[in-house]
Amino acid sequence: AQKVTQAQTEISVVEKEDVTLDCVYETRDTTYYLFWYKQPPSGELVFLIRRNSFDEQNEISGRYSWNFQKSTSSFNFTITASQVVDSAVYFCALSEPTYNTNAGKSTFGDGTTLTVKP
Amino acid sequence: NAGVTQTPKFQVLKTGQSMTLQCAQDMNHEYMSWYRQDPGMGLRLIHYSVGAGITDQGEVPNGYNVSRSTTEDFPLRLLSAAPSQTSVYFCASSPTQGLGETQYFGPGTRLLVL
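Residues numbered from 1 in each chain as written. Chains lettered and ligands numbered in written order. Predicted model: local features only at pLDDT ≥ 70, side-chain atom pairs only at ≥ 80, totals over all residues. Heavy atoms only, no water.

Engineer: Hey, could you run me through the overall build of chain A in this one?
Structural biologist: Helix and strand counts for chain A come out as zero helices and twelve strands. Element order for chain A, N to C, with α for helix and β for strand: β-β-β-β-β-β-β-β-β-β-β-β. The C-alpha radius of gyration of chain A comes to 14 Å, within 12% of the 13 Å expected for a compact globule of 118 residues. Overall, the C-alpha framework of chain A stretches about 50 × 30 × 20 Å when taken along its three principal axes. For chain A, the residues scored as buried account for 48% of the 118 residues in total. Looking at chain A alone, contacts between residues at least 24 apart form 57% of all its contacts between residues at least 6 apart. (Helix = DSSP H or I, 4+ residues; strand = E, 2+ residues; numbered from the N terminus. Rg over C-alpha atoms; globule rule 2.2 N^0.38 Å. Buried < 20%, exposed > 50% of the residue type's maximum accessible area, 1.4 Å probe, protein only. Contact = heavy atoms within 4.5 Å.)

Spelled out as structure tokens, the structure:
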């Protein structure tokens with residue numbers, strides 16, 4: 001069974017600090033996708049990034065960067081120079097194929113609550 | 001485009017009552033799914049559908065029914081509500097089969113079962 005672990009339940013930083021959110025996953029499939037979503041206090045879910053299992057290139061998007069390492073089954077997310085607006089719950093998710101319908105099924109981690117203080 | 005819409009936004013039920021949570025999307029997406037989010041936890045998949053007439057169970061399907069008669073709509077039915085079903089429910093859609101695709105989430109329905 002697939003599993004996603006976000007060991008950090010809550011993180012609190014001061015504005016402008018860098019912060020890394022950890023995500024470790026378990027899967028038996030060789031083809032899978034990993035995602036990060038942001039859930040601000042307003043409650044909606046915002047897509048941040050997708051990475052497939054064959055692409056281990058790290059990615060940077062502005063202050064956000066992601067480090068995917070298959071060897072350690074990790075897909076960590078770093079926010080550089082954090083801002084108050086980054087305060088949210090961040091979810092890591094794993095999508096695997098279901099062989100009866102060939103669709104994808106997603107498993108989410110429990111989330112990391114990030115608080116950025118001014 | 002309205003995207004993914006959910007109604008109602010908030011609902012209070014008594015134990016044993018039934019109700020239907022509505023979900024609709026206007027993006028002609030094939031894949032739709034329902035999740036529940038409990039406090040301090042991530043989203044857990046209840047049911048999903050890969051197209052009209054095709055549904056399958058997710059991680060936590062017990063107590064819920066779904067059907068998909070049209071591409072646009074994917075209602076979630078609670079047959080006999082229980083306090084354990086108090087949660088926030090999210091509907092999501094993606095263009096095709098869902099694997100590797102970004103899911104577009106609705107705003108959520110907050111359900112309280114007394």
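Engineer: Explanation requested: the state of the cysteines in the structure shown.
Structural biologist: As used here, a disulfide is simply a covalent bond connecting the sulfur atoms of two cysteines. All names here are of chain A. Applying the stated criterion across every chain yields a total of two disulfides over all chains. The disulfide that involves cysteine 23 links it to cysteine 92, with 2.0 Å between the sulfurs. Of note, the bridge from cysteine 23 to cysteine 92 carries an S-S torsion of about -65° and is left-handed in sense. Taken together, the residues cysteine 23 in the loop between strand 3 (19-21) and strand 4 (24-26) and cysteine 92 in strand 10 (residues 88-98) connect sequence positions 69 residues apart. The class of cysteine 23 is buried, set by a relative accessible area of 0%. Residue classification places cysteine 92 among the buried positions, given a relative accessible area of 0%. (Disulfide = S-S within 2.5 Å.)

Engineer: How should the interface of chain B and chain A be read in this particular structure?
Structural biologist: The interface of chain B with chain A comprises 22 residues on the first partner and 23 residues on the second. Here chain B and chain A share an interface that buries about 1900 Å² over both sides, 56% of which is from carbon and sulfur atoms. Summed over the shared surface of chain B and chain A, the result is zero salt bridges. For the side of chain B that touches chain A, the elements supplying multiple residues, two or more each, are strand 4 (31-37), strand 5 (43-51) and strand 6 (54-57) of chain B. Here the residues of the side of chain B that touches chain A sort into ten nonpolar, ten polar and two charged. (Buried area = accessible area lost by both parts, 1.4 Å probe. Salt bridge = Lys/Arg side-chain N within 4 Å of Asp/Glu carboxyl O. Nonpolar A, V, L, I, M, F, W, Y, C, P; charged D, E, K, R; others polar.)

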